[in-house]
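# Notes for the structure review
Listed below are the residues making up each chain.
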Amino acid sequence: MSPRIAGIALVLLAISGCASDRRVGPASEAFDKLDVANQASAPLAARVAGEAGASLEPPADAQTRPPTTSMLIRTGQASIEVDSLEVAVDAVSRLAVSMGGYLTNSIVMTGAADQRRATLEVRVPSDRYDGAMSRLAGIGKLRSSSTSSQDVGEEYVDLEARVGNARRLEERLVTMLATRTGKLEEALAVERELARVRESIERLEGRLRYLSARVAESTITIELYEPAPLVGNPGSNVMVEALRQSWRNFVEVTAAGIAMLGGLLPVALVLGLVGFGVRRRWQRRRTAEAAA
């Protein structure tokens, strides 16, 4: 081998070595990122949307496995007849506080001409629901009571699975956004999908918090009412009210009689005129027959 050929071979080996060193250095990492970006450039929006739609669905085992614990939302209804509405409302408030609950809504109707009644909504811890229902009989005469339950355990498990899948997708989108070297439209598509996934996570977690709160507390709707008085309005003197009602009845009967006479008077006048005409004609005929 001539010295010239040997020199050319040494130069080629040095160039290839330098290229190999550059290939495994920072330039190689940039080249790899560029390859990834080129592979994801065209179908990026479609792939991201597909992954989002698939990841928000619960896995097959989550759809079939039963809830580990039952989650019941219990709701009660009660109707109680009481002697004093104010005393009963205060008793319900004290009962709610003693059971670790509170009064949420109240409607009180105490009009002069209406039956006095109130509708109260109470929330108590679920583990004290039975105790609260059993103590309602001490407020007054318990006329009716009912309890309804809704099991939301399956929905809760399904929501937890969806939140887990959405969080994993969020992590992939954040990684993709941090390492991308492609076009601007690709970054915008990833950011839009990331915002949509985060919104889905917040909505699902809000539903989980709502179900947890409803399971932890039970709602009891209590209707209180006083017995309707036989005569008069609540709080009034029965005898005075009876005399007033008698006078009202007399006035109403008199007014009805006057109204009836007012309607019959025109008819009576017409009938009187007709009768008077018939009588005059009959008298003239009798006079003519007597003269003949």
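Throughout what follows, the structure given in this document is the object of discussion. (Residues numbered from 1 in each chain as written. Predicted model: local features only at pLDDT ≥ 70, side-chain atom pairs only at ≥ 80, totals over all residues. Heavy atoms only, no water.)

A tally of helices and strands in the protein yields nine helices and five strands. Its helices and strands in sequence order give the protein the pattern α-α-α-α-β-α-β-β-α-β-α-α-β-α, from N to C terminus. Every one of the 292 residues in the protein was classed for burial, and the buried ones make up 25%. Expressed as a percentage of contacts within the protein between residues at least 6 apart in sequence, the contacts between residues at least 24 apart total 81%. (Helix = DSSP H or I, 4+ residues; strand = E, 2+ residues; numbered from the N terminus. Buried < 20%, exposed > 50% of the residue type's maximum accessible area, 1.4 Å probe, protein only. Contact = heavy atoms within 4.5 Å.)

Secondary-structure assignment places Ile107 in strand E2 (residues 102-109). Take Ile107: its relative accessible area is 52%, and that puts it in the exposed class. A sequence separation of 13 residues divides Ile107 from Leu120, and the C-alpha atoms of the two residues are 6.5 Å apart. Ignoring anything within four residues of it in the chain, the contact list for Ile107 reads Arg117, Ala118 and Thr119.

Looking now at the pattern of salt bridges. Per the stated rule, a full pass over the model turns up twelve salt bridges. Between Arg143 and Glu81 there is a salt bridge, with the nearest N and O atoms lying 2.6 Å from each other. Within this pair, whereas Arg143 is found in strand E4 (residues 141-151), its partner Glu81 is found in strand E1 (residues 72-81), the two being separated by 62 residues in sequence. Look at Glu81 and you get buried, because its relative accessible area is 16%. Residue Asp90 is joined to Arg94 by a salt bridge in which the shortest nitrogen-to-oxygen separation is 2.9 Å. Of this pair, Asp90 and Arg94 are both found in helix H5 (residues 85-98), four residues apart, which corresponds to roughly one turn of the helix. When its relative accessible area of 41% is taken as the criterion, Asp90 is described as partly exposed. Each of Arg167, Glu170, Arg198 and Glu205 takes part in one network of salt bridges that share partners. (Salt bridge = Lys/Arg side-chain N within 4 Å of Asp/Glu carboxyl O.)

Of note, Glu160 is situated in helix H7 (residues 153-179). Using a relative accessible area of 42% as the deciding quantity, one classes Glu160 as partly exposed. Taking the C-alpha atoms as reference points, Glu160 and Glu205, separated by 45 residues in sequence, lie 8.2 Å from one another.

Attention shifts here to the packing of H7 against helix H8 (residues 184-216). At a minimum axis separation of 9 Å, H7 and H8 run at an interaxial angle of 155 degrees. In this view, H7 runs roughly antiparallel relative to H8, as classed from their interaxial angle. Crossing hand, H7 versus H8: left-handed. Tallied by class, residues from the contact of H7 with H8 come to 17 nonpolar, one polar and ten charged. (Axes fitted to C-alpha atoms, helices over the stretch in contact; angles between N-to-C directions. Parallel < 35°, antiparallel > 145°, perpendicular 65-115°, else oblique. Left-handed = near helix turned anticlockwise from the far one by under 90°. Nonpolar A, V, L, I, M, F, W, Y, C, P; charged D, E, K, R; others polar.)

This brings us to the environment of Ile80. Note that Ile80 resides in strand E1. Remark: the alpha-carbon pair of Ile80 and Ile139, spanning 59 residues in sequence, is separated by 7.6 Å.

Here seven bridges tie E2 to strand E3 (residues 117-125), and the two strands are oriented antiparallel to one another. The residue of E3 that forms the bridge with Met109 is Arg117. (Pairing = 2+ DSSP bridges.)

What follows concerns the nonpolar core. Ranked by internal contacts, the top residues of the largest apolar core, which has 23 residues, are Ile80, Val92, Leu136, Ile139, Ile220, Ile222 and Leu224. Of all elements in the fold, only E1, H5, E3, helix H6 (129-134) and strand E5 (217-225) reach the threshold of two or more residues within this core. Within the second largest apolar cluster, ten residues are counted, among which are Tyr156, Leu159, Leu208 and Val215. (Core = buried A, V, L, I, M, F, W, Y, C linked by side-chain atoms within 4.5 Å.)

A few words now on a nonpolar patch on the surface. Among the surface-exposed residues, Trp247, Phe250 and Val251 lie close enough to one another that they form a single nonpolar patch of about 340 Å² accessible area. With respect to the secondary-structure elements, Phe250 resides in helix H9 (residues 238-291). You can call Phe250 partly exposed: its relative accessible area is 48%. (Patch = residues over 30% accessible without salt bridge, like charges linked within 9 Å, V, L, I, M, F, W, Y side chains within 5 Å. Areas by Shrake-Rupley, 256 points an atom, 1.4 Å probe, with all protein chains shown as cover.)

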